[in-house]
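Understanding the architecture of this molecule
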Amino acid sequence: MIKIQNVCAGYFGKEVLHSLDLNVESGKVTVIIGPNGCGKSTLLKTLIRLNPLMSGAILVDDHPIGKYSSSGLAQKIAYISQSRKTPDITVSRMVLHGRVPYLKYPRRYREEDFKIVDQTMERVGIKDLSNENVSELSGGMQQKVYIAMALAQNTPVILMDEPTVFLDISHQLKMLNMAKELANEGKTVVMVLHDLTQAFSYADEIVLMSDGRCLMQGTPENVYNSGKINEIFNIEFCRMSTSDGWKYFYK
């Protein structure tokens, strides 16, 4: 579980998050939504100490994040960034980087690490690309490599900033279903999504943010019924009942 208590945070001395209070539970997919610039990505970066905590507290498994060593925090939280540089290395070597937090000096990969990497690449569907150069892959395939690297980290918490970016619709749905599978395995999954229909279809909990604040946290049902989505996004967000449950759409 992640506890975010009265958190103010930002970057370059600018406060972006204001008095944020959230509880993120294990075994659930929590999706953060909100207008551009509201602090969604800043929140994820603050959770892994990429952005400084100005005040308040963030606890992972009841321990403040500042008390963890870098490798200790990396054994707790994996993070898939929205943007990053693409290195000139093979896919398998890239995914192996997810095992670095578990290596002692001198850093030598173990049989266990290679086994986890093989299993992870198989799960994500990139095993046949293991010897390909990451820099030569399409954006969608590169995204899958980064997802595999995060999963190879084998952490109880996984943060995903726009994990479906660059993926075609088929692979977007596979990614979202994988997030549900990970939550069902007991992991804490936190995603930032811009697609509201996907957010409401796959989330167990929705966090609605605006101007660096949490306006509401609750089930998709509760957030939808609040009417705040229409208010914040200036849209008409609708749903209809089907044999597969609620289907959301814009009108």
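Report on the accompanying structure. (Residues numbered from 1 in each chain as written. Predicted model: local features only at pLDDT ≥ 70, side-chain atom pairs only at ≥ 80, totals over all residues. Heavy atoms only, no water.)

**Brief notes about helix α4 (residues 111-124)**
- With 14 residues, α4 should cover 20 Å at 1.5 Å per step; its first-to-last C-alpha distance of 20 Å lies within 8% of that length.
- Residues of α4 that are buried sit in contact with α3 (91-96), α5 (139-152) and α6 (169-184).
- Directly beyond the C-terminal end of α4, a positive phi value near 90° is found at glycine 125. (Helix = DSSP H or I, 4+ residues; strand = E, 2+ residues; numbered from the N terminus. Expected span 1.5 Å × (residues − 1). Contact = heavy atoms within 4.5 Å.)

**Points about the sheet that holds strand β1 (residues 2-11)**
- Spatial ordering of the open sheet is given by β2-β1-β4-β5, a layout of 4 strands whose pairing is antiparallel. Either end of the sheet is taken by a strand with one partner, and the two such strands are β2 (14-24) and β5 (63-64).
- Sheet topology places β1 next to β2; 7 bridges connect them, and they run antiparallel. Counterpart to glycine 10 in the pairing with β2 is glutamate 15. (Pairing = 2+ DSSP bridges.)

**A short note on the pattern of salt bridges**
- Taken as a whole and judged by the stated rule, the model has 12 salt bridges.
- Ionic pairing is found between aspartate 61 and lysine 76, a salt bridge with its closest N-O pair at 2.7 Å. Residue aspartate 61 is located in the loop between β4 (53-60) and β5, and its partner lysine 76 is located in the loop between α2 (70-74) and β6 (77-80); the two are separated by 15 residues in the primary sequence.
- Linking arginine 239 and glutamate 221 is a salt bridge whose minimum nitrogen-to-oxygen distance equals 2.8 Å. Note that arginine 239 is positioned in strand β11 (residues 237-242) and glutamate 221 in helix α8 (residues 220-226), a separation of 18 residues in sequence.
- With a relative accessible area of 31%, glutamate 221 lands in the partly exposed category. (Salt bridge = Lys/Arg side-chain N within 4 Å of Asp/Glu carboxyl O. Buried < 20%, exposed > 50% of the residue type's maximum accessible area, 1.4 Å probe, protein only.)

**Overview of the environment of serine 26**
- Position of serine 26 relative to the elements: it lies in the loop between β2 and β3 (29-33).
- Looking at serine 26, the relative accessible area reads 39%, which means it is partly exposed.
- Here the alpha-carbon distance between serine 26 and serine 243, two residues 217 residues apart in the chain, equals 28 Å.
- Among residues more than four places away in sequence, those in contact with serine 26 are Met1, Gly186, Lys187 and Thr188.
- A polar contact is formed between the side chain of serine 26 and the backbone nitrogen of methionine 1, at a distance of 3.2 Å. (Polar contact = N/O pair within 3.5 Å; in protein donor to acceptor, adjacent residues only side chain to side chain.)

**What to know about the nonpolar core**
- Val31, Ile33, Val91, Val95, Ile126, Met191 and Phe200 are the most contacted members of the largest nonpolar core, which has 49 residues in total.
- Among all residues touching valine 95, those that are not within four sequence positions of it are Val117, Met121, Ile126, Val145, Ala148, Met149 and Ala152. (Core = buried A, V, L, I, M, F, W, Y, C linked by side-chain atoms within 4.5 Å.)

**Some words on the pairing of strand β7 (residues 157-161)**
- β7 sits mainly inside the fold: 5 of its 5 residues count as buried.
- Because side chains alternate across β7, one face comprises the buried residues Val157, Leu159 and Asp161, and the other comprises Ile158 and Met160, equally buried.
- In terms of strand pairing, β6 meets β7 through 4 bridges, oriented parallel. Paired with isoleucine 77 across the strands is valine 157, a residue of β7.
- Sheet topology places β7 next to strand β8 (residues 188-192); 5 bridges connect them, and they run parallel. In the strand pairing of β8, methionine 160 is matched with methionine 191.
- Since β7 and β8 lie parallel, the crossover through α6 that links them has a hand, and here it is right-handed. (Right-handed = clockwise from strand over helix to strand, strands pointing away.)

**A look at unusual backbone geometry**
- For arginine 49, which is not a glycine, the phi torsion comes out positive at approximately 70°.
- Inspection of the secondary structure assignment puts arginine 49 in the loop between α1 (40-47) and β4.

**A few points about the sheet that holds strand β10 (residues 213-218)**
- In spatial order, the strands read β6-β7-β8-β3-β9-β10; together these 6 strands make up an open sheet with mixed pairing. Whereas interior strands pair on both sides, the edge strands pair on one side only; in this sheet they are β6 and β10. Adjacent strand axes in the sheet meet at a mean angle of 15°, parallel and antiparallel pairs treated alike.
- Lying over the sheet, α1 contacts β3, β6, β7, β8 and β9 (205-210), oriented at roughly 150° with respect to β7. (Axes fitted to C-alpha atoms, helices over the stretch in contact; angles between N-to-C directions.)

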